[in-house]
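# Observations on chain architecture
Residues per chain, in single letters:
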Amino acid sequence: MKYLPTYRLEPKVPLNKEVCEKIMKTVMDKTFQDFVYAPKPALSLCAEPVMKYLPTYRLEPKVPLNKEVCEKIMKTVMDKTFQDFVYAPKPALSLCAEVSEEIKNRVKNLNFDRYRYIVVVSIGEKLYQGYYSLVNFLWDPEKDGYLSYVYDTPKFFAVATLYYLYYD
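Remember, it's a predicted structure, so these values are computed and weren't measured experimentally.

## Thoughts on the nonpolar core
Generally speaking, a soluble globular protein has its nonpolar side chains buried in company with each other. Ranked by internal contacts, the top residues of the largest apolar core, which has 29 residues, are Phe 82 and Ile 123. Put simply, the parts of the chain that give this core at least two residues each are α2 (67–82), α3 (89–108), β5 (115–125), β6 (145–152) and β7 (156–166). If we skip the residues at most four places from it in the chain, Ile 123 touches Phe 82, Phe 85, Tyr 87, Ala 92, Leu 95, Cys 96, Phe 156, Phe 157 and Ala 158.

Structure representation (structure tokens):
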């Protein structure tokens, strides 16, 4: 008994369902009597196979992450954003989102190969309280890591953390 490969098929043009079913029934009756085929090829005569990419088995990035460049980006964005900032709770929330998006977009534009990024920005007012933060990840210590930058003033603080994760 022979096995045929399965393909995901996409139609080229809008199809007449009745005509395709009739053609498929005829072809299936004559051609595929000796083959086991699961699942049935849906509209295979009226469609083209979609390209699938094979794994590269590459374990190292072609363009590795440069930590110094990422640190400069974080420092530049944070210093520029917070130099004239006066702390207020409502604007701080939207500013965190803007700063994290800006840092992520600038790092992504450097096109480091096969990395995924998470950027977390926190802003807090200094009112004689403590601040603790804990993050747990399961990662490869050789390829994954994080960078952090703290912008500190007498009235408020801002912490930006960039997590970079290698994606095989």
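Now that the structure has been shown, the text picks up again.
## A few points about the pattern of salt bridges
Within the structure shown, the criterion is met by four salt bridges. A salt bridge links Lys 75 to Asp 79, with the shortest nitrogen-to-oxygen separation between them at 2.9 Å. With Lys 75 and Asp 79 both in helix α2 and four residues apart, this pair spans about one turn of that helix. Where Lys 104 meets Glu 101, a salt bridge forms, and the shortest distance between an N and an O atom there is 3.4 Å.

## A word on a nonpolar patch on the surface
Among the surface-exposed residues, Ile 118, Val 120, Val 135 and Phe 137 lie close enough to one another that they form a single nonpolar patch of about 290 Å² accessible area. Topologically, Val 135 is positioned in the loop between β5 and β6.

## Some details on the confidence of the model for the protein chain
Scored by pLDDT, the protein chain comes out at a mean of 81, with 74% of its residues at no less than 70. Within the protein chain, the lowest mean pLDDT, 48, falls on strand β3 (residues 35–36), and the highest, 96, falls on α2.

## Concerning the sheet that holds β5
The sheet built from three strands is open, its strands ordered β5-β7-β6 with antiparallel pairing. Only two strands of the sheet have a single partner each, and these edge strands are β5 and β6. On average, each strand axis in the sheet is inclined to that of its neighbour by 10 degrees, with strand direction left out of account. Against the sheet, α2 touches β5, β6 and β7, its axis set at about 25 degrees to β6. Contacts from α3 reach β5 and β7 within the one sheet, and its direction differs from that of β5 by about 150 degrees.

What counts and how
- Residues numbered from 1 in each chain as written.
- Predicted model: local features only at pLDDT ≥ 70, side-chain atom pairs only at ≥ 80, totals over all residues.
- Heavy atoms only, no water.
- Core = buried A, V, L, I, M, F, W, Y, C linked by side-chain atoms within 4.5 Å.
- Buried < 20%, exposed > 50% of the residue type's maximum accessible area, 1.4 Å probe, protein only.
- Helix = DSSP H or I, 4+ residues; strand = E, 2+ residues; numbered from the N terminus.
- Contact = heavy atoms within 4.5 Å.
- Salt bridge = Lys/Arg side-chain N within 4 Å of Asp/Glu carboxyl O.
- Patch = residues over 30% accessible without salt bridge, like charges linked within 9 Å, V, L, I, M, F, W, Y side chains within 5 Å.
- Areas by Shrake-Rupley, 256 points an atom, 1.4 Å probe, with all protein chains shown as cover.
- pLDDT = per-residue confidence, 0-100.
- Pairing = 2+ DSSP bridges.
- Axes fitted to C-alpha atoms, helices over the stretch in contact; angles between N-to-C directions.

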